[in-house]
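# Coordinate analysis (summary)
The chain contents come next:
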Amino acid sequence: MPRKTTLTKARMTELIGEARAVRSNSYSPYSNYKVGAALLASSGKIYAGANFENAAYGAGTCAERVALGAALSAGERKFIAICVCGADDSISPCGICRQALCEFGDITVISVGADGDAARVTTLGTLLPDSFGPGNLT
Ligand code: THU
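Bear in mind that the values here come from a model prediction, so they are computed numbers and not experimental data. (Residues numbered from 1 in each chain as written. Predicted model: local features only at pLDDT ≥ 70, side-chain atom pairs only at ≥ 80, totals over all residues. Heavy atoms only, no water.)

### Thoughts on the site of the ligand
For the ligand, the full set of nearby residues is S31, Y33, V35, N51, E53, C62, A63, E64, S92, P93 and C94. N51 places a side-chain nitrogen or oxygen 3.0 Å from an oxygen atom of the ligand. One nitrogen or oxygen atom from the main chain of S92 is found 3.3 Å from an oxygen atom belonging to the ligand. In isolation the ligand offers 370 Å² of accessible surface; the protein chains occlude 76% of this area. (Near = heavy atom within 4 Å. Polar contact = N/O pair within 3.5 Å; in protein donor to acceptor, adjacent residues only side chain to side chain. Areas by Shrake-Rupley, 256 points an atom, 1.4 Å probe, with all protein chains shown as cover.)

### Points about the packing of aromatic side chains
Scanning the model with the defined rule gives two aromatic pairs in all. Ring geometry for Y30 against Y57: centres 5.8 Å apart, planes inclined by 45°, an arrangement best described as tilted. Here the residue Y30 occupies a position in the loop between α1 (9–23) and β1 (36–41), and Y57 occupies one in the loop between β2 (46–50) and α2 (63–73), the gap between them amounting to 27 residues. Consider the rings of F79 and F104, whose centres lie 5.9 Å apart with planes at 80°: the pair is edge-to-face. (Phe/Tyr/Trp six-rings, centres within 6.5 Å; stacked < 30°, edge-to-face > 60°. Helix = DSSP H or I, 4+ residues; strand = E, 2+ residues; numbered from the N terminus.)

### Examining the environment of G36
Note that G36 resides in strand β1. Look at G36 and you get buried, because its relative accessible area is 0%. Remark: the alpha-carbon pair of G36 and C83, spanning 47 residues in sequence, is separated by 8.2 Å. For G36, the contacting residues outside a window of four places in its chain are A19, V22, R23, G49, A63, C83, V84 and C85. (Buried < 20%, exposed > 50% of the residue type's maximum accessible area, 1.4 Å probe, protein only. Contact = heavy atoms within 4.5 Å.)

Listed below in structure tokens is the structure:
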């Protein structure tokens, strides 16, 4: 029986490292606001994504949903935590990303800056209370 994935201190450090690393691949020439995200799945695997922008502005996507798309495409359906990295730790997932993530578990959300030790930790349920989910459709 595989071990249950939990957010240990070591996993959190790993998640922060991956979010910071992928942020350097952000394609954001219009906002110059680079974001990296790393999503820890219940399988124990980590999926990373960076934001990308486009000359047709609306065609861009946030780092969190790039990471989520990679994870879902790999067959993952349940997540434990996401780390979002911006220039500083004031970053927080936008409303669309909160909604996109919320049907896959009340995950831990960690916000960090490009360097330093500061990390803000909260949960998706705190960021998006009373959310609309699969249960509303039945
Ligand atoms: N962005 C993210 O990738 N994640 C967030 O949590 C906030 C915003 C991106 C979208 C856009 O490419 C740039 O940051 C500026 O809004």
